[in-house]
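Each chain is listed here by its residues.
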Amino acid sequence: MVEAIKSFKEFQELINGEEPVIIDFYTDWCGPCRMVSPLFERLSRQFTAVKFRKVNAEEQEQVSQEVGIRAFPTFVVFQNGNKVNEVVGADPHRLEAVVQNTSSLAA
């Protein structure tokens, strides 16, 4: 199960780690977010070398503003404090490709 990020401090600790982390920025009212969520969950079980997290953008506004989220869903990859990649929108094929690429960073 993909865990939710509960604070700005937790977000900072995660993104500054050596392990790559991919974060799903979503809202409860977003239909495309709900559509792609099961895929994100499945990928989290398949690619265990990558940390998968989610952020409810309305509950964690500081995190969303820090990253510059403007559309939902947005998936952002971080490693060593750097934004490595991003997928804006519910694009299953692009999301899978980015996750596969991210897993190679963990090796």
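Residues numbered from 1 in each chain as written. Predicted model: local features only at pLDDT ≥ 70, side-chain atom pairs only at ≥ 80, totals over all residues. Heavy atoms only, no water.

J.: Describe the packing of aromatic side chains, and please don't skip the residues or the numbers.
T.: Enumeration over the complete set of coordinates arrives at five aromatic pairs. The interplanar angle of 85° and the centroid separation of 5.7 Å between the aromatic rings of Phe-11 and Phe-78 together place this pair among those described as edge-to-face. Of this pair, Phe-11 sits in helix 1 (residues 8-15) while Phe-78 sits in strand 4 (residues 74-79), and the two are 67 residues apart along the sequence. The class of Phe-78 is buried, set by a relative accessible area of 6%. Taken together through their ring pairs, the aromatic side chains of Phe-8, Phe-11 and Phe-78 make up a single cluster. (Phe/Tyr/Trp six-rings, centres within 6.5 Å; stacked < 30°, edge-to-face > 60°. Helix = DSSP H or I, 4+ residues; strand = E, 2+ residues; numbered from the N terminus. Buried < 20%, exposed > 50% of the residue type's maximum accessible area, 1.4 Å probe, protein only.)

J.: Quick one: what's the story with the state of the cysteines, residue by residue and with numbers?
T.: One way to say it: the disulfide is the covalent bond shared by the sulfur atoms of two cysteines. Summed over all chains, the structure comprises one disulfide. With a sulfur-sulfur separation of 2.3 Å, Cys-30 is cross-linked through a disulfide to Cys-33. Of note, the bridge from Cys-30 to Cys-33 carries an S-S torsion of about 85° and is right-handed in sense. (Disulfide = S-S within 2.5 Å.)

J.: Could you give an account of unusual backbone geometry, naming the residues involved and the relevant values?
T.: Negative phi values dominate among residues other than glycine, just as trans dominates among peptide bonds. Of the consecutive residues Phe-72 and Pro-73, the connecting peptide bond is found in the cis state with omega at -10°. Along the chain, the position of Pro-73 falls in the loop between helix 3 (61-67) and strand 4. Even without being glycine, Asn-80 reaches a positive phi, approximately 55°. Note that Asn-80 resides in the loop between strand 4 and strand 5 (82-88).

J.: Describe helix 4 (residues 92-106), naming the residues involved and giving the relevant values.
T.: Over its 15 residues, helix 4 runs 21 Å from end to end, which matches the ideal 21 Å to within 8%, given 1.5 Å per residue. Where helix 4 is concerned, the buried positions are Leu-95, Val-98, Val-99 and Thr-102. Buried residues of helix 4 fall within an arc of 105° about the axis and therefore sit on the same side. Structurally, helix 4 contributes buried residues whose contacts are with strand 2 (21-26), helix 2 (31-46), strand 3 (51-56), strand 4 and strand 5. (Expected span 1.5 Å × (residues − 1). Arc of directions from axis to C-beta. Contact = heavy atoms within 4.5 Å.)

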